[in-house]
Amino acid sequence: MCNGDRTYGLTVRVKQDIDLRRFPPIPRATKQFERLYKGRTAVERVNARLKIFWGIDDGQVYGSRRFHAHTGAVLAVHLGLATVLAQAERYEGTYGKMKLSPIAKALRKLMKEPLHEAQTEAANT
């Protein structure tokens, strides 16, 4: 117990090892934490987006079938939006010059070719 002679109630010291999520080794809101947090992987960013923006873990969907259907629908929307955004022109340089990213160029090329040609080309590489 950490309160000693104080009268404001019971204070208990919790060891850091007991709950690392609540008491991380690097304190939050520090420059070191922010620098390391920027290094998260893309998967962690997508998982955070699914939880926070789309509300996958908010507890509003009951039952495993509904949960999996909800998650599948959100992932399908994500895939569709990612495809559209990958095809969109990117801002690179001045506002007067817009060009496609390399990924968008590859997607456009695949979309213009008939499906069997794209599969044959992919199998040959």
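As shown above, the structure is provided for reference.
Note that the structure is a prediction, hence the values are computed from the model and not measured. (Residues numbered from 1 in each chain as written. Predicted model: local features only at pLDDT ≥ 70, side-chain atom pairs only at ≥ 80, totals over all residues. Heavy atoms only, no water.)

1. Thoughts on the overall build of the chain
From N to C terminus, the chain includes 5 helices and 2 strands. Reading the secondary structure of the chain in the N-to-C direction produces α-α-α-β-β-α-α. The buried share of the chain, reckoned over its 125 residues, is 12%. Pairs at least 24 residues apart make up 11% of the contacts formed inside the chain by residues separated by at least 6 positions. By element, 60% of the accessible surface of the chain is carried by carbon and sulfur atoms, the whole surface being about 11,100 Å². (Helix = DSSP H or I, 4+ residues; strand = E, 2+ residues; numbered from the N terminus. Buried < 20%, exposed > 50% of the residue type's maximum accessible area, 1.4 Å probe, protein only. Contact = heavy atoms within 4.5 Å. Areas by Shrake-Rupley, 256 points an atom, 1.4 Å probe, with all protein chains shown as cover.)

2. A few points about a nonpolar patch on the surface
On the surface, Leu-10, Val-12, Val-14, Ile-18 and Phe-23 cluster together into a nonpolar patch covering about 490 Å² of accessible area. With respect to the secondary-structure elements, Val-12 resides in the segment before helix 1 (31–37). (Patch = residues over 30% accessible without salt bridge, like charges linked within 9 Å, V, L, I, M, F, W, Y side chains within 5 Å. Salt bridge = Lys/Arg side-chain N within 4 Å of Asp/Glu carboxyl O.)

3. Concerning the packing of aromatic side chains
Across all of its chains, the model carries 1 aromatic pair by this definition. Their ring planes at 90° and their centres at 5.2 Å tell us that Phe-53 and Trp-54 sit as a pair that is edge-to-face. Residue Trp-54 is classed as partly exposed on the basis of its relative accessible area of 28%. (Phe/Tyr/Trp six-rings, centres within 6.5 Å; stacked < 30°, edge-to-face > 60°.)

4. Details of the environment of Val-61
Checked against the element boundaries, Val-61 lands in the loop between helix 2 (42–52) and helix 3 (64–87). Taking the relative accessible area as the measure of exposure, Val-61 reaches 26% and is therefore partly exposed. Each residue touching Val-61, except ones within four places of it in the same chain, is listed here: Arg-66, Phe-67 and His-70.

5. Describing the packing of helix 3 against helix 4 (residues 102–112)
For the pair helix 3 and helix 4, the least separation of the axes is 7 Å and the interaxial angle reads 105°. The pairing of helix 3 with helix 4 is recorded here as roughly perpendicular in orientation. On the side of helix 3, the interface is formed by Thr-83, Ala-86 and Gln-87, while helix 4 contributes Ile-103, Ala-104, Leu-107, Arg-108 and Met-111. Split by residue class, the contact of helix 3 with helix 4 holds 5 nonpolar, 2 polar and 1 charged. (Axes fitted to C-alpha atoms, helices over the stretch in contact; angles between N-to-C directions. Parallel < 35°, antiparallel > 145°, perpendicular 65-115°, else oblique. Nonpolar A, V, L, I, M, F, W, Y, C, P; charged D, E, K, R; others polar.)

6. Brief notes about the side chain of His-78
Structurally, His-78 can be placed in helix 3. Ignoring any residue separated from it by four or fewer positions in sequence, one finds His-78 in contact with Arg-49, Leu-50 and Trp-54.

7. Some points on helix 3
In this model, helix 3 (24 residues) spans 35 Å end to end at C-alpha, consistent with the 34 Å of a helix rising 1.5 Å per residue. Thr-71, Val-74, His-78, Ala-86 and Gln-87 are the residues of helix 3 that are buried. (Expected span 1.5 Å × (residues − 1).)

8. Details of the environment of Ile-56
Relative to the elements of secondary structure, Ile-56 occurs in the loop between helix 2 and helix 3. For Ile-56, a relative accessible area of 12% corresponds to the buried category. The spacing of Ile-56 and Phe-67 is 11 residues in sequence and 7.9 Å in space, taken between C-alpha atoms. The residues touching Ile-56, leaving out its near neighbours within four places in the chain, are Leu-50, Lys-51, Phe-67, His-70, Thr-71 and Val-74.

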